[in-house]
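Take a look at the letters that make up each chain.
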4 protein chains.
Amino acid sequence: MRVVTEGEIVLLYLNEKKKWLVQARSGKEFHTHVGVVKLEEIVGSPFGSSVKSTLGFDFHILFPTIRDQILSSRRPTQVLYDKDIGFVLFRLGVTSGSVVIEAGTGSGAMTASLANAVKPEGHVYSYEIRSEFAEIASRNLARLRLEKYVTIKNADARAGFGESDVDAIFVDLGDPWDVIASVHAALKGGHPMASFSPTVNQIERTVQAMKGKFVDVETLECLVRNMRVEEGRTRPATTMIGHTGYLTFARKILERSEPSVRSAT
Amino acid sequence: MRVVTEGEIVLLYLNEKKKWLVQARSGKEFHTHVGVVKLEEIVGSPFGSSVKSTLGFDFHILFPTIRDQILSSRRPTQVLYDKDIGFVLFRLGVTSGSVVIEAGTGSGAMTASLANAVKPEGHVYSYEIRSEFAEIASRNLARLRLEKYVTIKNADARAGFGESDVDAIFVDLGDPWDVIASVHAALKGGHPMASFSPTVNQIERTVQAMKGKFVDVETLECLVRNMRVEEGRTRPATTMIGHTGYLTFARKILERSEPSVRSAT
Amino acid sequence: MRVVTEGEIVLLYLNEKKKWLVQARSGKEFHTHVGVVKLEEIVGSPFGSSVKSTLGFDFHILFPTIRDQILSSRRPTQVLYDKDIGFVLFRLGVTSGSVVIEAGTGSGAMTASLANAVKPEGHVYSYEIRSEFAEIASRNLARLRLEKYVTIKNADARAGFGESDVDAIFVDLGDPWDVIASVHAALKGGHPMASFSPTVNQIERTVQAMKGKFVDVETLECLVRNMRVEEGRTRPATTMIGHTGYLTFARKILERSEPSVRSAT
Amino acid sequence: MRVVTEGEIVLLYLNEKKKWLVQARSGKEFHTHVGVVKLEEIVGSPFGSSVKSTLGFDFHILFPTIRDQILSSRRPTQVLYDKDIGFVLFRLGVTSGSVVIEAGTGSGAMTASLANAVKPEGHVYSYEIRSEFAEIASRNLARLRLEKYVTIKNADARAGFGESDVDAIFVDLGDPWDVIASVHAALKGGHPMASFSPTVNQIERTVQAMKGKFVDVETLECLVRNMRVEEGRTRPATTMIGHTGYLTFARKILERSEPSVRSAT
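Every value quoted in this text rests on a predicted model; they were computed, and no experiment measured them.

## Some thoughts on the overall build of chain A
For step 1, the next point in the chain: Of regular secondary structure, chain A possesses 6 helices and 15 strands.
For step 2, the next point in the chain: Taken along the three principal axes of its C-alpha coordinates, chain A extends 75 × 45 × 35 Å.
For step 3, the next point in the chain: For chain A, buried positions account for 54% of its 265 residues.
For step 4, the next point in the chain: Counted over contacts in chain A with a minimum sequence separation of 6, partners at least 24 positions apart contribute 60%.

Dropping the structure here:
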């Protein structure tokens, strides 16, 4: 039975809607609306056990997954995003040892997820034109101890990537069509890319830009619907996220100098 | 530029609806409705290039991801399933080095995906009560060269798992509520499990069985909606998959001998 | 060009999210966060024109449809409900002259919609066991000038309906299975009924209770997804209503004393 | 108990997937894959009763609603469409006595639904530029005995409507933006219109064309998800219709010569 060590990050769970990432630390307290939790009580407690707040409420000490850590990194909008992350990782075939480019680091949620998937032998090159975002992402990656699997480049992806023959590329930019040529140049032949965009117009322009460079182009959106499971009263949840964005997947083909005789569509 | 080697598996792509996993092999032919492809022409061709069939149609030589390989393993129903696989892998935090149990190998699609995620240092223990399914899954894993990361056990998961302190558990059984106690016994404290079930009644009974053993219980379904992207005529696809199954996620808590003073829900 | 008359109800429209049903009345004022609207300015104004508030904001004077009037009757939850109302009216074939029973008046939103659909020659018999709800519904119907097309009965639908050979029946009760026999007794042979229920367990029990009494049983849910339409930036809305309830439709068959030889399903 | 009369149309129901509109007629037979039904046996039978085919299968004699009659009029694609028809009728406030314009008769499914909703005192003016469609729709309306409530005009809606001050307008054209000016001219002030379009680009252009002429513009799509209800095994259906089209609703405002001081959005 593994116990929490000094300085370790845990997920403190009160109920479905109230959970926090906290660091187990002697001499520190965590204040909530249902009392104070002494964080040194967590040090040495087994994962899965609970501690009581000063008002007598139980807080469960849970193991934080990469998802918990990403969703708690002060990026409230990303809460909606895990469905898309998991889907992209699987569709791109990103696995231990993969070398991957990300265009658009943003706050680094996907960067961390990619890093977690390629470790320990793979690597992520993530491009971010805005220096302040590049810095936040670097800090977040360090906190997650994933920084050694990532190179964050404060550069414009449209100018091209410094890498070549990478296994997969993920694009999360406002104007993805502008980097399709760069993506094509850096990706291994026959390998996959993915792009995330909120609007219909973005996917239309992006798919247009892929013509002749990529095949197996597929655009979709992923919707998650929560269920309220109660004995004899189960039903879907009353509200749901209606939209985060569209995902476009495609595979690089080598461009040819001579036209084909026929093509079947 | 990497070229296809003798005996390598590639994804042969004619169009969005016609793609096949084939083995590049001297002296072999692949017959399609638009002509014959000589597979020895593929050997030595770069990934992303194309070959012509005897009727002059272009076939692109693409790199097969784990998803392509799983979805082509003679399990037509699994085509709907990649959204769920990616989501589960990410939510369970399965990563290189993880030790994972699967209850219900089935044809091994999820088994292979788990193996691909935990390699090279992790391991998957997959339980399957039906010996014929255990055998098919073993063969599929060998074909994918993932067999060394998996131990398939032809045993009843309800009788308990031989492993303990595993990082995550995935359940794909008709009666998941019957293995909740086994799952609790084998899982690390505070760590996650997931269960996949097609019917509402299954999720209701499963969630019921989790009471007092698991917290952070969440049931949801993931819907994928394809878009038909055409310049000036973009719209959602006319038909979609309405349902594959519900996913239930939960985290193990240690059971207590004494009741808590209060609880906040 | 029709102008608003003294005492007429209009829909006062500020923007997409701010619209109110108000009565055009000399000497009255309507207070909003963007100024006061003098309601006597509305009297004599043409529909579609606008009035200015004291702070200079334009308010459009719109014609209130039955839907506007229902959704504004102090029943905030019903805002989600118009998709279901329209669908039920059409599926039940409710039209001018129809005689219809409603089991479960509630606040009378569906009652008013049914009345509006059957007028001027048809009639609605609506059963409500809770007298306070029956009274509120009566008041709402009077306000909408639909009271002459409706008889509200403060009675338990489970005890049977006083009417027979009605054209259609709508059920909105917590335990619809308890009134299936009453519904069967009161409905014309071969005619349709509909039932609205939020939970899966309700639809399961209701469909069960229909066996041998109804055919063509179909349960579905209707989801509405809003689009944010902006030039070059169109996308689905970020949030949506995930669930209101399930609709079950069925048609009455006459019960037989002798079993059939065969049946094809 | 009402019995079927000679020449009456009934819905003959074998099972959920096999139902037909047939005319009860002496001396006629109806051939199916499970035997022949003598249609004269239906004449004089009560609605809700059943007849046996020559192979001993039961066929239920059901009362056909307007929906059944529309969906069986040799327009297979319209099967998906009832959700949209019911929603539009309710949102437009179409009721007995309404005067309504339809731009784009097509095969007349919506035309018949509108006619059924406005009868006996209202009227539908339906514009169709293609003469062959205008004729098919006329025949369908006659068969449904709704022809006296409809005037079909074989004319181009873009050239303007011959009517004015109508209560509501429904547009089902490939280029709805081209008729927005005509719609504005013919509609009563403050009254609603609706437009149906399959593609995103259509709604974008249509909403654009409404600026300054309409307010309360809302675009949405309506999705229907069927449930497979079976005791202890209830679940959503495996496949569903992913898309029929988007609905855009709006209300006419009078155009002004002078600009407003402020506007709140």
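Resuming the write-up.
## Structural notes on the relation of the copies chain A and chain B
For step 1, the next point in the chain: Each copy of the sequence occupies a distinct position, and chain A is placed on chain B by a rotation of 180° and an axial shift of 0.0 Å, giving an RMSD of 0.1 Å. Both chain copies can therefore be described as sitting about a two-fold axis.
For step 2, the next point in the chain: The share of interface residues of chain A whose copies in chain B are also at the interface is 99%, consistent with both copies meeting through the same surface.

## Focus on the packing of helix 2 (residues 82-92) of chain A against helix 2 (residues 82-92) of chain B
For step 1, the next point in the chain: Interaxial distance between helix 2 of chain A and helix 2 of chain B falls to 7 Å at its minimum, and their mutual angle equals 110°. Here helix 2 of chain A lies roughly perpendicular to helix 2 of chain B, going by the angle between them. Contacts between helix 2 of chain A and helix 2 of chain B involve Asp82(A), Lys83(A), Ile85(A), Gly86(A), Phe87(A), Leu89(A), Phe90(A) and Arg91(A) on the former and, on the latter, Asp82(B), Lys83(B), Ile85(B), Gly86(B), Phe87(B), Leu89(B), Phe90(B) and Arg91(B).
For step 2, the next point in the chain: Partitioning the contact of helix 2 of chain A with helix 2 of chain B into residue classes produces 8 nonpolar, 2 polar and 6 charged.

## Here we look at the sheet that holds strand 1 (residues 9-15) of chain B
Residue and element names in this part refer to chain B.
For step 1, the next point in the chain: Overall, antiparallel pairing links the 4 strands, which are arranged 2-1-6-5 in an open sheet. Every interior strand has two partners, whereas the edge strands, strand 2 (18-23) and strand 5 (50-52), have only one. Taken over all neighbouring pairs, the strand axes of this sheet differ in orientation by 30° on average, direction set aside.
For step 2, the next point in the chain: Two strands pair when backbone bridges link them, and strand 5 and strand 6 (residues 58-62) are joined in this way by 3 bridges, in the antiparallel orientation. Note on strand 6: the bridge partner recorded for Val 51 is Phe 59.

## Describing the environment of Val100(D)
All names here are of chain D.
For step 1, the next point in the chain: As for its position among the elements, Val 100 is in strand 7 (residues 99-103).
For step 2, the next point in the chain: When the 25 C-beta atoms within 10 Å are taken as the criterion, Val 100 is described as buried.
For step 3, the next point in the chain: Distance in space between the C-alpha atoms of Val 100 and Trp 177 is 19 Å, their sequence separation being 77 residues.

## Thoughts on unusual backbone geometry
For step 1, the next point in the chain: Of note, the bond from Lys119(B) into Pro120(B) is cis; its omega dihedral lies within 30 degrees of zero at 5°.
For step 2, the next point in the chain: Mapped onto the elements of the fold, Pro120(B) is located in the loop between helix 3 (109-118) and strand 8 (123-127).
For step 3, the next point in the chain: Despite not being glycine, Asp216(A) has its phi angle at roughly 55°, a positive value.
For step 4, the next point in the chain: Classification of Asp216(A) as partly exposed rests on a count of 19 C-beta atoms within 10 Å.

## Some words on the sheet that holds strand 1 (residues 9-15) of chain D
All names here are of chain D.
For step 1, the next point in the chain: Taking strand neighbours across the sheet as the criterion, the 4 strands line up as 2-1-6-5 in an open arrangement whose pairing is antiparallel. In this open sheet, the two edge strands, each paired with only one partner strand, are strand 2 (18-23) and strand 5 (50-52). Averaged over all pairs of adjacent strands, the angle between their axes in this sheet comes to 30°, without regard to strand direction.
For step 2, the next point in the chain: Bridging between strand 1 and strand 2 involves 6 bridges; their strand directions are antiparallel. For Ile 9, the partnering residue across the bridge sits in strand 2 and is Gln 23.

## Quick notes on helix 6 (residues 200-210) of chain C
For step 1, the next point in the chain: Of all 11 residues in helix 6 of chain C, 9 are buried, a share of seventy percent or more.
For step 2, the next point in the chain: One or two steps after helix 6 of chain C, the chain reaches Gly212(C), where phi turns positive at roughly 85°.

## Things to note about the nonpolar core
For soluble globular proteins, the rule of thumb is that nonpolar side chains tend to be buried together.
For step 1, the next point in the chain: By size, the foremost hydrophobic cluster in this structure holds 321 residues, and its most contacted members are Ile169(A), Ile169(B), Ile169(C) and Ile169(D).
For step 2, the next point in the chain: With near-sequence residues (within four places) excluded, Ile169(C) lies in contact with Val100(C), Ile101(C), Ala103(C), Val183(C), Ala186(C), Leu187(C) and Met193(C).

## Considering the interface of chain A and chain B
For step 1, the next point in the chain: Counting from both sides, the interface comprises 74 residues of chain A and, opposite them, 73 residues of chain B.
For step 2, the next point in the chain: Ranked by residue count, the leading element in the side of chain A that touches chain B is strand 12 (residues 214-228) of chain A, at 12 residues.
For step 3, the next point in the chain: Residues that form the side of chain A that touches chain B fall into these classes: 33 nonpolar, 22 polar and 19 charged.

## Notes on the pairing of strand 9 (residues 150-153) of chain C
Residue and element names in this part refer to chain C.
For step 1, the next point in the chain: Of the two faces of strand 9, only one is covered, namely that formed by Val 150 and Ile 152; the face formed by Thr 151 and Lys 153 stays uncovered.
For step 2, the next point in the chain: Examined bridge by bridge, strand 8 (residues 123-127) and strand 9 share 4 bridges and lie parallel to one another. Residue pairing for strand 9: Ser 126 is matched across the bridge by Ile 152.
For step 3, the next point in the chain: The handedness of the strand 8 to strand 9 crossover, carried by helix 4 (residues 131-143), is right-handed.

## As for the domain arrangement of chain A
For step 1, the next point in the chain: One can read the domain layout of chain A as domain 1 (9-64) and domain 2 (68-252).
For step 2, the next point in the chain: Domain 1 of chain A and domain 2 of chain A are separated by 32 Å when their C-alpha centres are compared.

## Points about the environment of Tyr125(A)
Residue and element names in this part refer to chain A.
For step 1, the next point in the chain: Along the chain, Tyr 125 turns up in strand 8 (residues 123-127).
For step 2, the next point in the chain: Put simply, Tyr 125 and Ala 103 are 22 residues apart on the chain and 8.5 Å apart in space, counted from C-alpha to C-alpha.
For step 3, the next point in the chain: In contact with Tyr 125, not counting residues within four places along its chain, are Ile 101, Thr 151, Lys 153, Phe 161 and Glu 163.

## Digging into the packing of helix 3 (residues 109-118) of chain C against helix 4 of chain C
All names here are of chain C.
For step 1, the next point in the chain: Running from N to C, helix 3 and helix 4 cross one another at 40°; their axes reach a closest spacing of 10 Å. The angle between helix 3 and helix 4 places the two elements in the oblique class. Helix 3 and helix 4 meet at a crossing whose hand is right-handed. Here helix 3 contributes Thr 111, Ala 112 and Ala 115 to the contact with helix 4, which in turn contributes Ala 137, Asn 140 and Leu 141.
For step 2, the next point in the chain: Taken together, the residues of the contact of helix 3 with helix 4 sort by class into 4 nonpolar, 2 polar and no charged.

## A look at the confidence of the model for chain A
For step 1, the next point in the chain: Of all residues in chain A, 93% have pLDDT values of 70 or greater, and the mean over the chain is 92.
For step 2, the next point in the chain: pLDDT under 50 marks residues 258-265 of chain A. Its contacts with residues more than four places away, or in other chains, come to 12 contacts.

## Considerations on the environment of Arg225(D)
For step 1, the next point in the chain: Residue position: Arg225(D) is located in strand 12 (residues 214-228).
For step 2, the next point in the chain: According to the C-beta neighbour criterion, Arg225(D) is buried, with 20 such atoms within 10 Å.
For step 3, the next point in the chain: Residues Arg225(D) and Ala209(D) lie 16 residues apart in sequence; the distance between their C-alpha atoms is 33 Å.
For step 4, the next point in the chain: Contacts of Arg225(D), omitting those with residues within four sequence positions, involve Gly242(B), Leu220(C), Glu221(C), Leu223(C), Pro236(D) and Met240(D).

Conventions used here
Residues numbered from 1 in each chain as written. Chains lettered and ligands numbered in written order. Predicted model: local features only at pLDDT ≥ 70, side-chain atom pairs only at ≥ 80, totals over all residues. Helix = DSSP H or I, 4+ residues; strand = E, 2+ residues; numbered from the N terminus. Buried ≥ 20, exposed ≤ 12 C-beta atoms within 10 Å, placed from the backbone. Contact = placed C-beta atoms within 7 Å. Least-squares fit on C-alpha atoms with pLDDT ≥ 70 in both. Axes fitted to C-alpha atoms, helices over the stretch in contact; angles between N-to-C directions. Parallel < 35°, antiparallel > 145°, perpendicular 65-115°, else oblique. Nonpolar A, V, L, I, M, F, W, Y, C, P; charged D, E, K, R; others polar. Pairing = 2+ DSSP bridges. Core = buried A, V, L, I, M, F, W, Y, C linked by C-beta atoms within 7 Å. Right-handed = clockwise from strand over helix to strand, strands pointing away. Domains from an automatic or database assignment. Left-handed = near helix turned anticlockwise from the far one by under 90°. pLDDT = per-residue confidence, 0-100.

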